[in-house]
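Spelled out from the first residue to the last, the chains are:
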Amino acid sequence: MNKNYESTRDNSINITSKQAILNGISDDGGLYVWPGLDEVSIDLSQICSQTYQENAFTILSALLPDYTEEELKDCISNAYTNTFAAADVTPVRKVGDVYVLELFHGPTSAFKDVALTLLPQLMQKALRSANQKALILTATSGDTGKAALSGFKDVDDIDICVFYPHNKVSAIQYRQMATQEGKNVKVYAIEGNFDDAQSQVKKLFLDEELNAYAKEHATLLTSANSINVGRLVPQVVYYFESYKYLVNQGVIQLGEEVSFSVPTGNFGDVLAGYYASLMGLPVKKFYVASNANKVLTDFISTGTYDRNREFIQTISPSMDILISSNLERLLYYMSGKDTALIKEYMDSLSKTGKYTVSAEILEKIQAKFGCGYVDDTKTKQVIKETYDETKIVLDPHTAIGYSVAKENVERPIVSLATASPYKFSQDVLAALGVEEKDEWKAMKLLTEYCQDPAPVQLACLEEKEILHKDVISVEQMKVVVKEQIHD
Ligand SMILES: *Cc1c(COP(=O)(O)O)cnc(C)c1O
């Protein structure tokens with residue numbers, strides 16, 4: 001079996017998983033994939049008798065073969081010891097007849113913590129092998145920035161710089177980032193919107209002068225967003241964990257199929273589930289749940305991916321996205337790893353904003369993937385109804401996945417819960433019928449509805465000192481990045 005990674009757009013690329021994690025994205029614009037993935041076979045009975053950390057080791061050693069046993073065990077222990085409020089990291093809670101997999105008990109109360117606690121560890125080991133340091137540049141619309149700051153804070157050999165749009169993140173997200181401690185972190189508000197920040201970060205990655213300057217200081221400029229292999233593989237683990245729960249609770253027998261419903265934006269989370277199924281997890285169907293930006297619902301229904309449409313701002317902002325980057329990896333596997341064909345589709349996407357897959361590929365996708373979308377009005381209804389019927393409060397993203405799970409007949413079904421309702425207190429409270437303009441008052445009022453208290457790291461934000469006050473122009477971004485590069 002070939003142990004190395006190639007690009008979705010070029011099968012002559014052949015690099016180790018460590019290098020793939022350091023590079024983030026392939027020079028040809030493609031994403032790193034491992035052709036041997038569907039030859040892996042994970043022993044389910046072993047999974048059902050192991051702890052979360054042991055299962056993470058079993059799965060990561062299959063996916064990242066060039067890391068040593070000692071390196072992986074060290075990474076996993078650093079990432080998941082005392083960082084998640086739940087002892088089993090990603091607990092399952094039955095809500096109605098749906099099994100809700102709670103992924104939000106990490107340090108920043110969003111599911112991105114599961115991957116962003118581990119990625120810095122994996123990156124650090126890879127840097128040591130390459131004798132380098134790294135500077136992570138991240139543009140964020142809110143959630144990723146905080147999870148990345150928290151994950152990379154005080155990690156040796158790595159610095160991080162986060163850019164968010166000034167006055168365009170929620171009160172809680174602003175506080176989460178502006179109060180971030182750590183000797184290796186910098187946070188800037190940008191005059192502009194998220195796209196301005198993201199485009200400039202992409203330009204900086206390609207800036208020859210800046211890269212040469214970084215190289216002189218043995219520093220690699222890289223990113224922590226969800227196209228990095230190192231963000232994807234930690235997410236495979238909790239699909240197996242939820243299966244372990246269902247077997248050990250006697251809901252299913254070992255080997256029986258389950259289905260999953262996943263609130264989706266960039267297609268990273270649901271793709272990790274598909275990876276789990278390629279590695280032997282018995283899955284009947286994955287439901288891709290979208291908000292009003294329903295590019296993926298249309299794609300799975302028709303075979304045409306078309307981003308030429310209005311961008312809609314919703315109450316599930318982490319799913320407001322029109323280019324679901326990780327879909328490219330699904331197409332790679334569904335096309336029988338036809339990298340020339342994927343390159344054609346992606347060239348078409350960048351030139352015309354759309355592409356249409358072959359009838360054969362569409363049929364294969366539809367056999368494994370269902371879809372559905374939920375707009376803001378319905379999202380609020382679902383939050384209210386679920387609370388009335390079960391006394392459980394869902395966040396807007398989670399409510400979308402839950403709603404799509406309810407609408408479909410497949411059972412048992414696991415629905416992924418991606419954020420704490422407290423992270424979106426105002427909108428959730430409004431869905432429950434209470435309007436409160438002050439975010440902190442809203443958080444306090446919400447505790448009367450939720451079974452769990454507000455996570456300490458959110459509740460204490462109001463009192464924390466603001467450490468990052470700089471508001472800069474897009475042009476100044478290069479200057480501040482340069483200042484953060486050192487020997
Ligand atoms: C990022 C995010 C999502 C979407 O996940 P993808 O991997 O981008 O599909 C859903 N919910 C929340 C709360 C998120 O932060």
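Up top you'll find the structure we're talking about.
Asker: Go over the side chain of aspartate 269, please, and point to the residues and values.
Answerer: Its location among the elements puts aspartate 269 in helix 12 (residues 268-278). Lysine 112 provides the closest opposite charge to the buried, salt-bridge-free aspartate 269, at an N-O distance of 7.9 Å.

Asker: Let's hear about helix 22 (residues 477-484): which residues, and what values?
Answerer: Looking only at helix 22, the buried set comprises Met477, Val480, Val481 and Gln484. Looking straight down helix 22, one finds its buried side chains confined to an arc of 100 degrees; they lie on one side. Here the buried face of helix 22 lies against strand 6 (133-139), strand 7 (158-165), strand 8 (185-190), helix 9 (194-206), helix 10 (208-216) and strand 16 (471-472).

Asker: Give a description of helix 9 that names residues and reports values.
Answerer: In this model, helix 9 (13 residues) spans 19 Å end to end at C-alpha, consistent with the 18 Å of a helix rising 1.5 Å per residue. By the burial criterion, the buried members of helix 9 are Ala197, Gln200, Val201 and Leu204. For helix 9, the buried positions fall inside an angular range of 105 degrees around the axis, keeping them on one side. Exposed residues pointing more than 90 degrees away from the buried face of helix 9 are listed as Lys202, Lys203 and Leu206. Against strand 6, strand 7, strand 8, helix 10, strand 9 (219-222) and helix 22 lie the buried residues of helix 9.

Asker: Pulling in residues and values, what's your account of the pairing of strand 15 (residues 413-417)?
Answerer: Judged by how many residues are buried, strand 15 sits mostly within the fold: five of five residues are covered. Burial of strand 15 is two-sided: the residues Ile413, Ser415 and Ala417 facing one way and the residues Val414 and Leu416 facing the other way are all buried. Bridging between strand 5 (residues 98-102) and strand 15 involves four bridges; their strand directions are parallel. Looking across to strand 15, one finds that leucine 101 is bridged to leucine 416. Strand direction decides the pairing type here: strand 10 (residues 258-263) and strand 15, joined by three bridges, are parallel. Along strand 15, the bridge assignment pairs serine 261 with serine 415.

Conventions used here
Residues numbered from 1 in each chain as written. Predicted model: local features only at pLDDT ≥ 70, side-chain atom pairs only at ≥ 80, totals over all residues. Heavy atoms only, no water. Helix = DSSP H or I, 4+ residues; strand = E, 2+ residues; numbered from the N terminus. Buried < 20%, exposed > 50% of the residue type's maximum accessible area, 1.4 Å probe, protein only. Lys, Arg positive; Asp, Glu negative; His and termini not counted. Salt bridge = Lys/Arg side-chain N within 4 Å of Asp/Glu carboxyl O. Arc of directions from axis to C-beta. Contact = heavy atoms within 4.5 Å. Expected span 1.5 Å × (residues − 1). Pairing = 2+ DSSP bridges.

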